[in-house]
Amino acid sequence: MELKSSPQSSIANNFSQKEKAAIFFVAGGMMQIDGQRDPRELILMARVNIKLGINDEIMQLSSELPKEEMLLIIKNMTYEKRMFVVQYISTLMGIDGDTNIKEIKLLAYIAEEC
């Protein structure tokens, strides 16, 4: 799930603040859609948040922007960035060992529509 970056930049610098907010938004949606919060999901999300530089300000932004804008932000990402998002949320989907239809539908929507 690595996003290539140049020696001069880190993965966090590859995404804008709004892109990070959109990633946090869809990851949170994937984590909560099945009605359960598995500790492995929380650990993965915390690790990715740190790696991407998602802080309280970005988390707040993700709660303020409309859902439609979040999805549009993902849709407008480069292919490489969108694939990072798809890989990330698919990992979140399967990390608890229990995949349900709601999770599959959300992943398909993000992968196909965005």
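Structural data are supplied above this passage.
What counts, and at which threshold
- Residues numbered from 1 in each chain as written.
- Predicted model: local features only at pLDDT ≥ 70, side-chain atom pairs only at ≥ 80, totals over all residues.
- Heavy atoms only, no water.
- Phe/Tyr/Trp six-rings, centres within 6.5 Å; stacked < 30°, edge-to-face > 60°.
- Helix = DSSP H or I, 4+ residues; strand = E, 2+ residues; numbered from the N terminus.
- Buried < 20%, exposed > 50% of the residue type's maximum accessible area, 1.4 Å probe, protein only.
- Lys, Arg positive; Asp, Glu negative; His and termini not counted.
- Salt bridge = Lys/Arg side-chain N within 4 Å of Asp/Glu carboxyl O.
- Polar contact = N/O pair within 3.5 Å; in protein donor to acceptor, adjacent residues only side chain to side chain.
- Contact = heavy atoms within 4.5 Å.

What to know about the packing of aromatic side chains
The description of two aromatic rings rests on the distance between their centres and on the angle between their planes. Applying the stated criterion across every chain yields a total of two aromatic pairs. With centroids separated by 5.6 Å and ring planes inclined at 45 degrees, the aromatic side chains of Phe15 and Phe84 adopt a geometry described as tilted. With Phe15 in the segment before helix 1 (17-32) and Phe84 in helix 5 (residues 79-94), this pair connects stretches of sequence that are 69 residues apart. With respect to class, Phe15 is no different from Phe84; both count as buried. Connected via pairs of aromatic rings, a cluster forms that spans Phe15, Phe84 and Tyr88.

Focus on the side chain of Glu103
Among the structural elements, Glu103 can be located in helix 6 (residues 101-113). Among buried charged residues, Glu103 stands out as having no salt bridge; its nearest opposite-charge side chain is Lys102, 10 Å away. Among the polar contacts listed, one links the side chain of Glu103 to the backbone nitrogen of Asn100, at a separation of 2.9 Å. Excluding residues that lie within four positions of it along the chain, Glu103 makes contacts with Met30, Ile33, Asp34, Glu41, Met93, Asp96 and Asp98.

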